[in-house]
Structures are given as structure tokens and as C-alpha cells.
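# Descriptive structure summary
Below are the chains, spelled out letter by letter.
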Amino acid sequence: MNIHLLAIGQRMPAWVDQGYKEYASRLSATVQIELREIPAAKRVRNSVIEKIKQDEGKRLLAAVPQGAKIIVLDEQGKSQTTKQLACHLDDWIQMSQDVAILIGGADGLSAECLQKADYKWSLSEFTFPHPLVRIILVEQMYRAWTLLNNHPYHRE
């Protein structure tokens, strides 16, 4: 199964790319994770935030592979424990269900993205910088995978 991490923003600092690649490379052939960076909308002094979100949202949704379950990260979403994520991951593997996780831009996701979501997740009540979210997500996917495979990485 494939996890498609679709994120607004390009040209991340080297530490972000290194952190992402470190955990992505640890996943097995059973679970492949792919990051696709979607360019942020151009901003000018009088940019209308809703138009920016709509533009970015259309491009995010266009990047979702056919048939993939859509998960959006949203502050109003439901929090997940690592064990709950492991259960979701196990279900996706068993059903060979591809998943697309959408990370919005600086102003969040469009209403259309939120409406098309199969799940709305919140990583935390904290607000994280977008580059760090990529690393947190891939690390948690790896951690969930290690739980499913009785690997000692996750300790309770």
C-alpha cells in the first residue's frame, strides 16, 4: 500500500529533507510513503486568503491518486494515538488501500478539501511549522509500522 503525503510548500531546509528521508527509508516494501510537494499560491500585498486556500486546495485534490482514502490535517480533526494509527495502518495494508494525507499551506485547507476528507486528524493541540509536520507524520507512520511488526523501536 502507498501513503501519498501531499504538502503545500517546496524547497524545505536540508534538515527537513534529511529527517523525512531517514524515516521514509526505514519503512518496508509493504508500506511505501511518497512526498509530493505542491507549490504554494503566489501572495501579494492584498491577497484574498480564501482564494489562496481554494487555489491550493484544488491543486492538492488534483494530486490525490484515484481511489485513495483522503486524510486531512486540521485543528478541528480528531487526535490519534500511535496505537490507533497502527490499527488504521493495518486496515489499509489488509485492504491494499492507498491513502493521501493532505497538509495545507500557511492558512490551512480549503473547505473543499475538508468536505472531501474521509478522516480529519489533528496531530496535536499545538501548532507545528509545516516543515516539521512532514517529519512528525513519517516518523509516526514508521512507529505504527514497527508496532505492527513487533519491532523494538516503539517502547511502552
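Residues numbered from 1 in each chain as written. Predicted model: local features only at pLDDT ≥ 70, side-chain atom pairs only at ≥ 80, totals over all residues. Heavy atoms only, no water.

Here the focus is the side chain of Ser-110. Here Ser-110 lies in the loop between β4 (99-103) and α4 (111-116). Not counting chain neighbours up to four residues away, the residues in contact with Ser-110 comprise Lys-53, Gln-54 and Gly-57. (Helix = DSSP H or I, 4+ residues; strand = E, 2+ residues; numbered from the N terminus. Contact = heavy atoms within 4.5 Å.)

This part covers the nonpolar core. The nonpolar side chains of a soluble globular protein tend to be buried with one another. Of all hydrophobic cores here, the largest spans 28 residues; its most connected members are Leu-89, Trp-92 and Ile-101. Considering every element that reaches this core, the biggest residue donor is helix α5 (residues 130-148), with 7 residues. With near-sequence residues (within four places) excluded, Leu-89 lies in contact with Met-1, Ile-3, Val-31, Met-141, Ala-144, Trp-145 and Leu-148. Among the nonpolar cores identified, the runner-up in size contains 15 residues, and Ile-38, Leu-61, Val-64 and Ala-100 belong to it. (Core = buried A, V, L, I, M, F, W, Y, C linked by side-chain atoms within 4.5 Å. Buried < 20%, exposed > 50% of the residue type's maximum accessible area, 1.4 Å probe, protein only.)

Within the element layout of this structure, Lys-69 appears in strand β3 (residues 69-79). The exposure class of Lys-69 is buried, given its relative accessible area of 19%. Taking the C-alpha atoms as reference points, Lys-69 and Asp-98, separated by 29 residues in sequence, lie 6.3 Å from one another. Those residues within four positions of Lys-69 in sequence are excluded, and the remaining contacts are Trp-92, Gln-97, Asp-98, Val-99, Ala-100, Asp-118 and Tyr-119.

A word on the pattern of salt bridges. Applying the stated criterion across every chain, the model contains 5 salt bridges. One salt bridge connects Arg-26 with Glu-22, and the closest N-O pair in it is separated by 2.9 Å. On the criterion of helical spacing, the pair formed by Arg-26 and Glu-22 is a turn pair, its members being 4 residues apart in helix α1 (residues 14-26). The exposure class of Arg-26 is partly exposed, given its relative accessible area of 32%. For Glu-22, a relative accessible area of 38% puts it in the partly exposed group. Its salt-bridge partner being Asp-55, residue Arg-59 comes within 2.9 Å of it at the nearest N-O pair. With Arg-59 and Asp-55 both in helix α2 (residues 49-63) and 4 residues apart, this pair spans about one turn of that helix. On the basis of relative accessibility, which here comes to 26%, the residue Arg-59 falls in the partly exposed class. (Salt bridge = Lys/Arg side-chain N within 4 Å of Asp/Glu carboxyl O.)

Our next topic: α1. Owing to its 3.6 residues per turn, the α-helix brings residues three or four apart onto one side. For α1, built from 13 residues, the straight-helix expectation of 18 Å at 1.5 Å per residue is met to within 8% by its first-to-last C-alpha distance of 19 Å. Where α1 is concerned, the buried positions are Val-16, Gly-19, Tyr-20, Tyr-23 and Ala-24. The buried residues of α1 occupy one face: seen down the axis, they fall within an arc of 125°. Residues of α1 that are exposed and angled more than 90 degrees away from the buried face: Ala-14, Gln-18, Lys-21 and Ser-25. Where α1 is buried, its residues touch β1 (2-8), β2 (32-38) and α5. (Expected span 1.5 Å × (residues − 1). Arc of directions from axis to C-beta.)

Aromatic ring pairs are defined here through the distance separating the ring centres and the angle between the ring planes. Counted under the stated rule, the structure contains 5 aromatic pairs. Centre to centre, the rings of Tyr-142 and Trp-145 are 6.1 Å apart; their planes meet at 25°, and the pair counts as stacked. Of the two residues, Tyr-142 and Trp-145 both sit in helix α5, 3 residues apart, roughly one turn of that helix. Accessibility expressed as a relative area gives 13% for Trp-145, which makes it buried. Grouped by ring-pair contacts, the aromatic residues Tyr-23, Tyr-142 and Trp-145 constitute a single cluster. (Phe/Tyr/Trp six-rings, centres within 6.5 Å; stacked < 30°, edge-to-face > 60°.)

Purely spatial values, then, with no claim about function.
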